[in-house]
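Spelled out from the first residue to the last, the chains are:
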Amino acid sequence: MNMPKFFNTLTRKKEAFKPLQNNLVRWYACGPTVYNYPHIGNYRAYAFVDLLRRFLEWKNYKVMLVMNITDVDDKTIRDSQKQGKTLEEFTRFYEKGFFEDLQTLNIKPANYYPRATDHINDMVSLIGELTLAHKAYQGSDGSWYYKISEFLDYGKLSGLQQKDLKAGASGRVAADEYTKDNVSDFVLWKAWQPDDGDVYWETRLGKGRPGWHIECSAMSTKYLGFSFDIHTGGVDLKFPHHENEIAQSEGASKKPFVKYWLHNEHLLVEGKKMSKSLGNFYTLRDLLDKNLKPAAIRYALIATHYRSQLNFTFDVVHAAEKTLDRLQDFLARAKEADGKNNPGLENAIKNTKKRFEDALDDDLDVAQALSAVFELEHQANKAMALGHVSKKQAERIADFFWNDFNAVFGVLEKKSATVPKTVLDLVEKREAARKKKDFKAADALRNQIKEKGFEVVDEATGPRLKKT
Ligand code: AMP
Ligand code: ZN
């Protein structure tokens, strides 16, 4: 098995991927803040995680994936209060919506989805360790801050220079989100303020709540240890979130935190990042309401290289839908193929798998991988039209599409899943009629099924449906 290469934000180059422990991949992916339905820009990040995860599993790595749920921060508190709900009631609603969306997009579940509010003690302990290491202090406002001048590597991920640090190091930021212009000591624990209402924990750090960054350091270490293999998130998280995670985790453990940092680029709308604050967003539900198919949305999200920006339009999803319909038709035809053996196809079948793997090994080069897939489809289609593909060859081609291509891309549907329930019910009724030897009724039902666009083929194993 060839070793894949991934672009590591930390070293700014493509590196051979070698997990710290044999073939076990320990991976932390920054998850959603559950204060609203995520938009499809967010789902680009999660679809990227899923593509990478499926690829690694396809290559026989064992993946241990942890994705956090941020259920306490400025935004969840603010919006739960607006709706007059408790933080828990409010965030659980959107957490449920998030899991439903993941299923819709055929995103495999992570091994753990730790919630921030279930790990307050771990965060308090970590801040305690940072205090012992002289990296955390309590400000005059009662909140606890990280002293970035005490961590010499501060800036190594996002490429900040020491001079940038000095400029801002005298100040402090209490907000979770800020830009590089405001590099400064950042908040670890926020002392309670009247705006927080009933959201607080009484701890040895005082009455308050955690900052956003400490949540991910505490939960990643709890589930994956001090040092692990992969950390992912969108490019906007490089600074300050991931920079601060490194400072917190390495500041406390004195061990390297993450070996490979992978960041996905943004999904854009008319040249701008899709975001809640700009108001230029669609949720997954918005797109489903417009009759766009989940598999096509998923394809649109993953078919552009994860480190390139993706300009989102409905046309992109429509084109994805066409591509997938074409592939499904091709596979349906391949099922029927029973022509003569075609020696010319042998090399194509072998090479496609190799090209597919080589492309994905190269930092998930989906464009190259897909072009190998489409070339095989094209060649086999032409040959099938001439009756020059044997049943065995067609089976091997289908095997590549299902067990290689689809194992990684997750966009094809087994045909029965796309047959409407009304048709399945008619097939069942027809079977019952046949069993009773009522062939007149069975034929009438066959015609009804035909009117709905399907043909029943009776095989030794039972009836099979073919789209007409
Ligand atoms: P948030 O819930 O805002 O913390 O974001 C969740 C994930 O979505 C993070 O990994 C973000 O970097 C990512 N993200 C946010 N907006 C976009 C976008 N427009 N395109 C791609 N990823 C995004
Ligand atoms: Zn995070």
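See the structure above.
### Topic: the overall build of the protein chain
Part 1 of the argument: Looking only at helices and strands, the protein chain has 16 helices and 17 strands in total.
Part 2 of the argument: Overall size of the protein chain, expressed as C-alpha extent along the three principal axes, is 85 × 50 × 40 Å.
Part 3 of the argument: When each of the 468 residues of the protein chain is scored for burial, the buried share is 51%.
Part 4 of the argument: In the structure as shown, the protein chain presents an accessible area of about 22,000 Å², 50% of it carried by carbon and sulfur atoms.

### With respect to the sheet that holds strand 15 (residues 310–311)
Part 1 of the argument: In space, the 3 strands of this open sheet follow the order 14-13-15, with mixed pairing throughout. Taken across any chain shown, the strands that pair with only one partner, and hence form the sheet edges, are strand 14 (272–273) and strand 15.
Part 2 of the argument: As paired elements, strand 13 (residues 267–269) and strand 15 share 2 bridges and run parallel to each other. Looking at the pairing, leucine 267 lines up with leucine 310 of strand 15.

### Focus: the nonpolar core
Part 1 of the argument: Ranked by size, the top nonpolar core spans 84 residues in total, and within it Trp27, Leu56, Phe356, Phe401 and Phe405 carry the most contacts.
Part 2 of the argument: A domain-level breakdown of this core finds at least three residues from each of domain 1 (20–278) and domain 2 (314–409).
Part 3 of the argument: Non-local contacts of phenylalanine 405, meaning those with residues more than four positions away in its chain, are made with Leu327, Phe356, Leu370, Val373, Phe400, Gly410, Val411 and Leu412.

### Observations concerning the packing of helix 11 (residues 343–361) against helix 12 (residues 366–385)
Part 1 of the argument: Orientation of helix 11 relative to helix 12, taken along the N-to-C sense of each, is 165°, at an axis distance of 7 Å. Judged on the interaxial angle alone, helix 12 and helix 11 are roughly antiparallel. In this structure, the crossing between helix 11 and helix 12 has a hand that is left-handed. Residue-level contacts link Gly344, Leu345, Ala348, Ile349, Thr352, Arg355, Phe356, Ala359 and Leu360 of helix 11 to Val366, Gln368, Ala369, Ser371, Ala372, Val373, Glu375, Leu376, Gln379, Ala380 and Ala383 of helix 12.
Part 2 of the argument: Across the contact of helix 11 with helix 12, the residue classes break down as 13 nonpolar, 5 polar and 2 charged.

### Brief notes about the environment of glutamine 328
Part 1 of the argument: In this fold, glutamine 328 is placed in helix 10 (residues 314–336).
Part 2 of the argument: Measuring from C-alpha to C-alpha, the distance between glutamine 328 and glycine 344 comes to 24 Å, with 16 residues separating the pair along the chain.
Part 3 of the argument: Among the polar contacts listed, one links the side chain of glutamine 328 to the backbone nitrogen of glutamate 413, at a separation of 2.7 Å.

### Focus on the sheet that holds strand 3 (residues 24–29)
Part 1 of the argument: The sheet built from 4 strands is open, its strands ordered 4-3-11-12 with parallel pairing. Both edges of this open sheet fall to strand 4 (62–67) and strand 12 (258–264), since each of them pairs with a single strand only. Across this sheet, the average inter-strand angle for adjacent strands is 20°, counted without regard to direction.
Part 2 of the argument: In this structure, strand 3 lies alongside strand 4, joined through 6 bridges in parallel fashion. Pairing of alanine 29 across the sheet is with methionine 67, part of strand 4.

### As for the site of ligand 1
Part 1 of the argument: Looking at ligand 1, there are 17 residues lining it, with Tyr46, Gly234, Asp236, Leu267 and Met274 nearest.
Part 2 of the argument: At a separation of 3.4 Å, a nitrogen atom of ligand 1 approaches a polar side-chain atom of asparagine 264.
Part 3 of the argument: Within the backbone of methionine 274, one N or O atom sits 2.9 Å away from a nitrogen atom of ligand 1.
Part 4 of the argument: Relative to its free-state accessible area of 490 Å², ligand 1 is covered by the protein chains to the extent of 91%.
Part 5 of the argument: Of all the secondary-structure elements, those providing two or more residues to the shell around ligand 1 are helix 1 (40–58) and strand 11 (228–234).
Part 6 of the argument: By residue number, the principal contributor to the shell around ligand 1 is helix 1, which donates 4 residues.
Part 7 of the argument: Looking at the shell around ligand 1 residue by residue, the classes come out as 6 nonpolar, 8 polar and 3 charged.

What counts, and at which threshold
Residues numbered from 1 in each chain as written. Chains lettered and ligands numbered in written order. Predicted model: local features only at pLDDT ≥ 70, side-chain atom pairs only at ≥ 80, totals over all residues. Heavy atoms only, no water. Helix = DSSP H or I, 4+ residues; strand = E, 2+ residues; numbered from the N terminus. Buried < 20%, exposed > 50% of the residue type's maximum accessible area, 1.4 Å probe, protein only. Areas by Shrake-Rupley, 256 points an atom, 1.4 Å probe, with all protein chains shown as cover. Pairing = 2+ DSSP bridges. Core = buried A, V, L, I, M, F, W, Y, C linked by side-chain atoms within 4.5 Å. Domains from an automatic or database assignment. Contact = heavy atoms within 4.5 Å. Axes fitted to C-alpha atoms, helices over the stretch in contact; angles between N-to-C directions. Parallel < 35°, antiparallel > 145°, perpendicular 65-115°, else oblique. Left-handed = near helix turned anticlockwise from the far one by under 90°. Nonpolar A, V, L, I, M, F, W, Y, C, P; charged D, E, K, R; others polar. Polar contact = N/O pair within 3.5 Å; in protein donor to acceptor, adjacent residues only side chain to side chain. Near = heavy atom within 4 Å.

In short, geometric facts, not functional conclusions.
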